[in-house]
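# Structure at a glance
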Amino acid sequence: TPNECKIRDLKPMLGKRILIHGWVHHMRWDGKRLLFIELRDGTGFLQSVLTDDLCATVDAITLKRESSVKLYGTLAEDDRAKGTFNGYELKVDYWELIGSSPAEIENILTKESNVDILLNNRHLVIRGTRASSILRARSLITQCFREHFFGEGYVELTPPTLVDTQCEGGSTLFKLDYFGSEGFLTQSSQMYLETGIPAVGDCFCILPSYRAELSSTRRHLAEFHHIEAECPFIDFEGLLDRVENLVVDVCARFMEKGADLLQTLNPDLKPLKRPFKRMDYTEAVEYCREHNIYKDEENKIHFEIGDDIPEAPERKMTDMIGEPILLCRFPAEMKSFYMKKCPEDPRLTESVDLLMPGVGEIVGGSMRIDDEKELLAAYEREEMDPRPYYWFTEQRKYGTCPHGGYGLGLERFCCYLLNVYHIRDVCLYPRYRGRIEP
Ligand code: 4AD
Ligand code: MG
């Protein structure tokens, strides 16, 4: 009996007879006695060749892309063969069709199909070379995040995503009927993570967050994966260092582990250099004014000095500067209720956004209000009912401590690392306004 193999493990099998299961990624038939199959098994691609009687059967003649097959044969060398290991070819001596695939597959997976057709058929599109490489890369990137955090001694927690509180403002809350009372899909696990620090110290989570974003842009999802961390007994400078370390380290780890994927997906990715440029919000507004970039692409003026810098000018500024920017100390009125004020100017907060060229904001973080009275005043100012937040407030009552944390959007960081333009292309099944299937 031949060895059953995965394509990624084929290197030492040269000259041996093997069995491989997989899907017909591409095929080429000369109409007579030679059928080339590019086999895909999820771990790689292998050129396989069927000759003579093997390609004269009904199964061979009616074979279509995406059929599943089992192939028996000898792994041989062939200079022309392309695949996971160039120069390797499977000379098939026996094969079986497992699941056939209809002819219309040719019309679905084409380069001309429009975005909606491609998204409706996402379950098939993900089998493609580029889409499957992106999914594989995303898995590696997630692994790199975990390795970073575990290497630094963080504990992974899993806060609930069905909640009765809001973290980032009412306008993007998804409401739901929770056994007859009102519940929400979480916007951020931050508040629960904060309560975890007296229990386990530095902690992180990798969970979905939900935002009912009405604007559709190439970087907004209704469901995204949020990498969040919370750290006790640090100061604002310490927080900036942690954000910088995370992003630099995960990029370096991914460049090492994902070198083969990056060769095709983003060969120009460079290691990130420490320290990142640090800029205060007021300086950024000044920069936008000096460079006349507080207008969007259509030249409409979008913000006045003092307003939140909207997406278009923010991205333009980041692209002009051309390197990561830690944008610091946003005015309190444009940021969330839980942010700590700057001791030197209480109109500002100890907050930070990390902006990356090409993508814009990928991280939002801050020091947290750690005084109970100050937090109660913040609820009142925001007209929030403090009752559902009692557990969050009580963290300030039972042994409060200075602490800070941040959230990083995994999909946005993937766009940066893989040079992907639209955020939907780094999702298995993207969710945004107007799309909830498949
Ligand atoms: O800036 P945000 O809203 O900050 C928070 O939610 C904090 N509670 C996080 C924390 O301190 N633990 O979101 C953080 C990051 C953003 O920088 C962005 O990368 C991502 O989450 N993000 C989104 N990604 C895709 N689609 C959306 N609609 C997103 N909203 C936020
Ligand atoms: Mg933000």
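What you see as residue numbers is a count from 1 along each chain, following the sequence as written. Numbering of ligands from 1 and lettering of chains from A proceed in the order in which they are written. Residues qualify for local features only when their pLDDT is at least 70, as the model is predicted, and side-chain atom pairs are given and counted only at 80 or more; totals for whole chains, interfaces and linings, by contrast, use all residues.

### Examining the site of ligand 1
Any residue whose backbone-placed C-beta atom lies within 6 Å of a molecule or strand is treated as near that molecule or strand. Taken together, 23 residues lie around ligand 1, and Ser188, Gln190, Gly364, Gly407 and Gly409 are the ones closest in. Residue classes in the shell around ligand 1 are distributed as 7 nonpolar, 9 polar and 7 charged. Residue polarity is assigned by list, with Asp, Glu, Lys and Arg as charged and Ala, Val, Leu, Ile, Met, Phe, Trp, Tyr, Cys and Pro as nonpolar; anything else, Gly included, falls into the polar class.

### Looking at the sheet that holds strand β10 (residues 181-185)
Read from one edge to the other, the open sheet built from 3 strands follows the order β8-β10-β9, with strand pairing classed as antiparallel. Each of the sheet's edge strands pairs with one partner strand only, and the pair in question is β8 (162-163) and β9 (174-178). Note on pairing: DSSP must find at least two bridges between two strands before they are called paired. The helix and strand labels rest on DSSP assignments: H or I over at least four residues marks a helix, E over at least two residues marks a strand, and numbering proceeds from the N terminus.

### Some remarks on the environment of Gly201
By secondary structure assignment, the location of Gly201 is in the loop between α6 (190-200) and β11 (203-210). According to the C-beta neighbour criterion, Gly201 is partly exposed, with 14 such atoms within 10 Å. Placed 47 residues apart in sequence, Gly201 and Tyr154 show a C-alpha to C-alpha distance of 7.4 Å. Remark: residues whose backbone-derived C-beta atoms lie within 7 Å of one another are considered to be in contact. Excluding its chain neighbours within four sequence positions, the residues that come into contact with Gly201 are Val155 and Pro232. Field definition: a residue is buried when 20 or more other C-beta atoms are found within 10 Å of its C-beta, exposed when 12 or fewer are, and partly exposed for counts in between, with C-beta atoms placed from the backbone.

### Concerning the environment of Tyr416
On the secondary structure map, Tyr416 appears in helix α13 (residues 410-418). Taking the C-beta count within 10 Å as the criterion, Tyr416 has 21 such neighbours and is therefore assigned buried. Sequence-wise, Tyr416 and Ala199 are 217 residues apart; in three dimensions their C-alpha atoms are separated by 34 Å. Among all residues touching Tyr416, those that are not within four sequence positions of it are Met356, Gly358, Val359 and Ile362.

### Focus on the confidence of the model for the chain
pLDDT runs from 0 to 100 and stands for how confident the predictor is about each residue. Here the chain shows a mean pLDDT of 93. Residues at 70 or above account for 96%. We note a pTM of 0.94 for the whole complex and an ipTM of 0.99 for its interfaces.

### Considering the pairing of strand β17 (residues 351-356)
For β17, a buried count of 6 out of 6 residues is recorded, marking the element as mostly surrounded by other parts of the structure. Judged by which residues are buried, β17 turns out to be covered on both faces: Ser351, Asp353 and Leu355 on one side and Val352, Leu354 and Met356 on the other are all buried. Bridging between strand β14 (residues 325-328) and β17 involves 4 bridges; their strand directions are antiparallel. Bridge pairing in β17 places Cys328 opposite Val352. Judged from the 6 bridges that link them, β17 and strand β18 (residues 360-367) form a sheet pairing that is antiparallel. Bridged to Leu354 within β18 is Val363. Taking the residues that link successive antiparallel strands as the turn, the β17-β18 hairpin has 3 residues, and the phi of Gly358 there is positive, at about 85 degrees.

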